[in-house]
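# An overview of the molecular structure
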Amino acid sequence: WVSMPPSKAAASAAKRTGTAHIITGARTALIAIVALLIVPSVLSQPPNPESVPCYHDSDEAACPGLSYCNDRSGYGGDCIACDAIPASPALGCYGNEFGDAAEACTEACSESWRVCTDDEPCPGGSFCTFEGLDEDMGYCFGCDRVPDPLTCFADQGWYLTDKGKESCATTCFRECAEDGASSSSCSGGAFCNFQIESESRGYCSECALFEEWSDCLSEYYSPLSAQGGESCANACFGCSEDNPCPNDWFCDYQLGDSGFCTAC
């Protein structure tokens, strides 16, 4: 260690202190500039309805237009924009809310929904929910929000009437029936789910929904009917000498000359 003369040491310390002040000052200036650029843009943005507290029984704490209060118990809630829920009481309001909140959702948002009937169908790419008391009217709902025809027939969190379920599947997905091989009327990577088992017909579902052939036939996992399960296993995982399995899969040949592809 070499000592530095007092004069040089003092000069070095002063230089370091000055540099530190310059850096600190530069950082402060940079923060101020960023604040000037960001804060005005944030303040100029319209308020988010979801951040506004509200109460059902208070006019002073009511929600703005095209939003509703999700106050479910009378102790307050948040204003939810109608755009944040599906355009239908059954699929949106009563699917996400309950009690007063569901009623408030329907009352506030229904004016922006398109009503449909048998005589006034929905435009292309959407189906009619037919959720009226007599299943004679409903609201248009986008097919792009329904991932698979099996979703149309789901009983939990969906709340579609029988006519609404049929409208969903028929409008948004390809129909299939028991003509020849079970997968003949569906394109590659899909199978006929035979959801209407009593009539041996259904809609084309994606094979990607199932990871292995046993999932198609599982009583606990599969939402398919018995006929739909067989169609799924054969169309999506069936194999033989003429129909080999993809890489990293092998044919179990459990049916003699044929079987099902199983992951290695």
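Residues numbered from 1 in each chain as written. Predicted model: local features only at pLDDT ≥ 70, side-chain atom pairs only at ≥ 80, totals over all residues. Heavy atoms only, no water.

A few words on the pattern of salt bridges. In total, this model carries three salt bridges according to the counting rule given. With its nearest N and O atoms 2.8 Å apart, the salt bridge here joins lysine 163 to aspartate 118. Of this pair, lysine 163 sits in helix H5 (residues 162-172) while aspartate 118 sits in the loop between strand S4 (115-116) and strand S5 (126-128), placing them 45 residues apart in sequence. Owing to a relative accessible area of 52%, aspartate 118 belongs among the exposed residues under this scheme. For the salt bridge of glutamate 166 with arginine 201, the shortest nitrogen-to-oxygen distance reads 3.1 Å. Of this pair, glutamate 166 sits in helix H5 while arginine 201 sits in strand S9 (residues 201-206), and the two are 35 residues apart along the sequence. Given the relative accessible area of 25%, glutamate 166 is considered partly exposed. A single salt-bridge network, built from bridges that share partners, covers Glu166, Glu175 and Arg201. (Salt bridge = Lys/Arg side-chain N within 4 Å of Asp/Glu carboxyl O. Helix = DSSP H or I, 4+ residues; strand = E, 2+ residues; numbered from the N terminus. Buried < 20%, exposed > 50% of the residue type's maximum accessible area, 1.4 Å probe, protein only.)

Time to look at the packing of helix H2 (residues 89-96) against helix H3 (residues 99-109). The contact between H2 and H3 brings their axes to 8 Å, and the two run at 145°. Read as a crossing pair, H2 and H3 show a hand that is right-handed. Between H2 and H3, the residues in contact are Pro89, Cys93 and Tyr94 and Ala102, Glu103, Cys105 and Thr106, respectively. Here the residues of the contact of H2 with H3 are counted per class, giving five nonpolar, one polar and one charged. (Axes fitted to C-alpha atoms, helices over the stretch in contact; angles between N-to-C directions. Left-handed = near helix turned anticlockwise from the far one by under 90°. Contact = heavy atoms within 4.5 Å. Nonpolar A, V, L, I, M, F, W, Y, C, P; charged D, E, K, R; others polar.)

Side chains of Asp100, Glu103, Glu107 and Glu111 sit close together on the surface and give a patch of like negative charge. On the secondary structure map, glutamate 111 appears in the loop between H3 and S4. (Patch = residues over 30% accessible without salt bridge, like charges linked within 9 Å, V, L, I, M, F, W, Y side chains within 5 Å. Areas by Shrake-Rupley, 256 points an atom, 1.4 Å probe, with all protein chains shown as cover. Lys, Arg positive; Asp, Glu negative; His and termini not counted. Charge placed at Lys NZ, Arg CZ, Asp CG, Glu CD.)

What follows covers the sheet that holds strand S2 (residues 67-69). The three strands are arranged S1-S3-S2 in an open sheet whose pairing can be described as antiparallel. Edge positions in the sheet fall to strand S1 (53-54) and S2, since each of these pairs with one other strand and no more. Here S2 pairs with strand S3 (residues 77-81) via three bridges, running antiparallel. In the strand pairing of S3, serine 67 is matched with alanine 81. (Pairing = 2+ DSSP bridges.)

Across the sheet, which stays open at both edges, the three strands sit in the order S7-S9-S8 with antiparallel pairing between neighbours. Edge positions in the sheet fall to strand S7 (175-177) and strand S8 (190-192), since each of these pairs with one other strand and no more. Adjacent strand axes in the sheet meet at a mean angle of 40° when their direction is disregarded. Pairing between S7 and S9: three bridges, direction antiparallel.

Once that is clear, we can look at the side chain of serine 205. Turning to its location among the elements, serine 205 is positioned in strand S9. Polar contacts involving the side chain of serine 205 include one to the side chain of aspartate 148, which spans 2.9 Å. In terms of polar contacts, serine 205 uses its side chain to reach the side chain of asparagine 193, at 3.0 Å. The contacts of serine 205, once residues within four sequence positions are left out, are Asp148, Pro149, Leu150, Gly189, Ala190, Phe191 and Asn193. (Polar contact = N/O pair within 3.5 Å; in protein donor to acceptor, adjacent residues only side chain to side chain.)

What follows concerns the state of the cysteines. Under the defined criterion, the tally for this structure stands at 14 disulfides. Disulfide pairing is shown between cysteine 54 and cysteine 69; the S-S distance is 2.2 Å. Between cysteine 54 and cysteine 69, the S-S torsion sits near 90°, and that sign places the bridge as right-handed. You can see cysteine 54 sitting in strand S1 and its partner cysteine 69 sitting in strand S2, a full 15 residues away along the chain. Given a relative accessible area of 0%, cysteine 54 falls into the buried group. Residue classification places cysteine 69 among the buried positions, given a relative accessible area of 7%. Across the disulfide from cysteine 152 sits cysteine 168; the S-S distance is 2.0 Å. Here the S-S torsion is close to -60°, and the disulfide linking cysteine 152 with cysteine 168 is therefore left-handed. Of this pair, cysteine 152 sits in helix H4 (residues 149-152) while cysteine 168 sits in helix H5, and the two are 16 residues apart along the sequence. Cysteine 152 gets classed as buried once you look at its relative accessible area, which sits at 0%. (Disulfide = S-S within 2.5 Å.)

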